[in-house]
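Listed below, chain by chain, are the residues.
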Amino acid sequence: MPESNLQHWGLNPRIDFLNHGSFGACPTVVLNAQRDWIDLLEKDPIDFLAPERTLLTKLLHVRSVLQALINAPAKDIALIRNATEGVNAVVRSFPFEKNDEVVITSHGYNACNNAIRFAAERFGAVVKVAEIPFPVESPEQVVASIESMFSERTRLLVVDHVTSSTGLVFPVDELVRRAHRDGIRVLVDGAHAPGMLSVDLQQINADYYTANNHKWLCAPKASGFLHVKPEFQEEVRPAIISHGANADTESQSRFESEFAWTGTYDPSPVLSLPTAIDFITSLHPRGLSGLQQTNHELVLAGREQLLQKLNVSSPAPSEMLGSLATIPLPVAASFCPADAVSLQRKLFYQHQIEVPVFKLSSGLPCFRISAQIYNQVDQYERLANVLCEIV
Ligand SMILES: Cc1ncc(COP(=O)(O)O)c(C=O)c1O
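Conventions we followed
Residues numbered from 1 in each chain as written. Predicted model: local features only at pLDDT ≥ 70, side-chain atom pairs only at ≥ 80, totals over all residues. Heavy atoms only, no water. Disulfide = S-S within 2.5 Å. Buried < 20%, exposed > 50% of the residue type's maximum accessible area, 1.4 Å probe, protein only. 1 Å grid on protein atoms, 1.4 Å probe; cavity = no way out; pocket = protein on both sides within 12 Å on 5 of 7 lines; lining within 4 Å. Points joined across faces, edges and corners; volume = space filled by probe spheres on them. Helix = DSSP H or I, 4+ residues; strand = E, 2+ residues; numbered from the N terminus. Nonpolar A, V, L, I, M, F, W, Y, C, P; charged D, E, K, R; others polar. Domains from an automatic or database assignment. Buried area = accessible area lost by both parts, 1.4 Å probe. Salt bridge = Lys/Arg side-chain N within 4 Å of Asp/Glu carboxyl O. Polar contact = N/O pair within 3.5 Å; in protein donor to acceptor, adjacent residues only side chain to side chain. Near = heavy atom within 4 Å. Sits in = over half its atoms within 2 Å of the grid points.

- Naming follows an unreviewed UniProt entry, where the protein appears as Isopenicillin N epimerase of Roseimaritima multifibrata.

Here is the structure:
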């Protein structure tokens, strides 16, 4: 792995780490900040953790940092562990009735789709899957596939801002507009979006938006948020019910109280978010938007190397990418999920390249590259050479 920005991460320098997307990677200064929070907590666990003593003030600071980042009022933002938790809270609180319909997409994240099915099917609601092709031609194709699933019974659309397996940026503003026109509420799963894209929640206008901070904002793991529009906050309850359920609502809403405390936990990952944002912003002369642009250009350059060397056509227009890119693998039709596992292991154990290899639900064998500021273009070239040799 090349030096330069890599020095700020504890990543193994002998590995070409091309999978920032899965779990992020946390810079050393951020981990140090997290350790400082833990040390402070253990100096006096009561003073630190009792919500009314100092915790709520600390959490409010983090929520106000997010307010500036995602353009949404702090009072409408809950700090949670991860996007799975956010999706669970929304769909398990949703007032489904028999024969209601929920639209999801074939690019959705399996864990979240499971939560949606669990929540909807208990009430006899029906989950409909919009089949979006990959390779994909345009954002309009995504909108058309999803919109074609809307019916008079559709109550909720759940859609990813950036898809996990196919690494695509979906046109969520337009999707929300179309859904609202038909009286359908929208939950956007933005697990990958903050730190990869500029996220403006006023502009997106989704009813619910959840995301991870540990991926592209490089916060410690177990740091995410859930934004809920004020009109739905009474309805949305955390997956875990705790003290907040009957707390008084004078100083804060029940939404705020319930999400601030879901049982004893370690708040150090969320408290370290401001340090993470400051640090990654400092890595680029043009701040976070400069870093995002650099990562986007890097993934395009890496993808180009791979497409050319593997002789594969581009599966998606570059304007549909952020800093992930999924590329079809030129392998025989008989390539099965076990072959994907063994190829991924071979890349890691024999060639020291960390990159996910999988089959999409459509059956297409693919791999996905990530580009974070510590990556360099020759790492993708090396992957291309290795793949040419072994595939
Ligand atoms: C689109 C999407 N949603 C949800 C998740 C789940 O994230 P977590 O496991 O942190 O909840 C992921 C993880 O990669 C994702 O890509």
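Here the narrative resumes.
## Remarks on the state of the cysteines
Next, step 1: Taken as a whole and judged by the stated rule, the model has zero disulfides.
Next, step 2: In this structure C26 is not part of a disulfide, and its nearest cysteine sulfur, from C218, lies 7.1 Å away.
Next, step 3: C26 gets classed as buried once you look at its relative accessible area, which sits at 9%.

## Notes on empty space enclosed by the protein
Next, step 1: All chains considered together, the criterion is met by one cavity of 30 Å³ or more.
Next, step 2: Space inside the largest cavity adds up to approximately 70 Å³.
Next, step 3: In terms of lining, the largest cavity is formed by I104, T105, G108, Y109, C112, N113, I116, V158, V159, D160 and D189.
Next, step 4: Looking at the lining of the largest cavity, the elements that each hand over two or more residues are β3 (101–105), α6 (110–121) and β5 (154–160).
Next, step 5: Of the residues belonging to the lining of the largest cavity, the class tally is six nonpolar, three polar and two charged.

## Thoughts on the domain arrangement of the protein
Next, step 1: Each domain of the protein was delimited in the assignment, giving domain 1 (32–276) and domain 2 (286–390).
Next, step 2: Together, the buried faces of domain 1 and domain 2 total about 1800 Å²; carbon and sulfur atoms form 63% of this surface.
Next, step 3: Scanning the region where domain 1 abuts domain 2 turns up zero salt bridges.
Next, step 4: For the pair domain 1 and domain 2, the interface holds six residue pairs in polar contact (both at pLDDT 80 or more).
Next, step 5: In the side of domain 1 that touches domain 2, the residues fall into 14 nonpolar, 10 polar and one charged.

## Here's the deal with the site of the ligand
Next, step 1: The full set close to the ligand counts 14 residues, and T84, D189, H192, N212 and K215 are the nearest of them.
Next, step 2: Here D189 contributes a side-chain N or O atom positioned 2.5 Å from a nitrogen atom of the ligand.
Next, step 3: Here H192 contributes a side-chain N or O atom positioned 3.1 Å from an oxygen atom of the ligand.
Next, step 4: Here the ligand is seated within the largest pocket.
Next, step 5: Along the lines of polarity and charge, the residues of the shell around the ligand split into five nonpolar, six polar and three charged.

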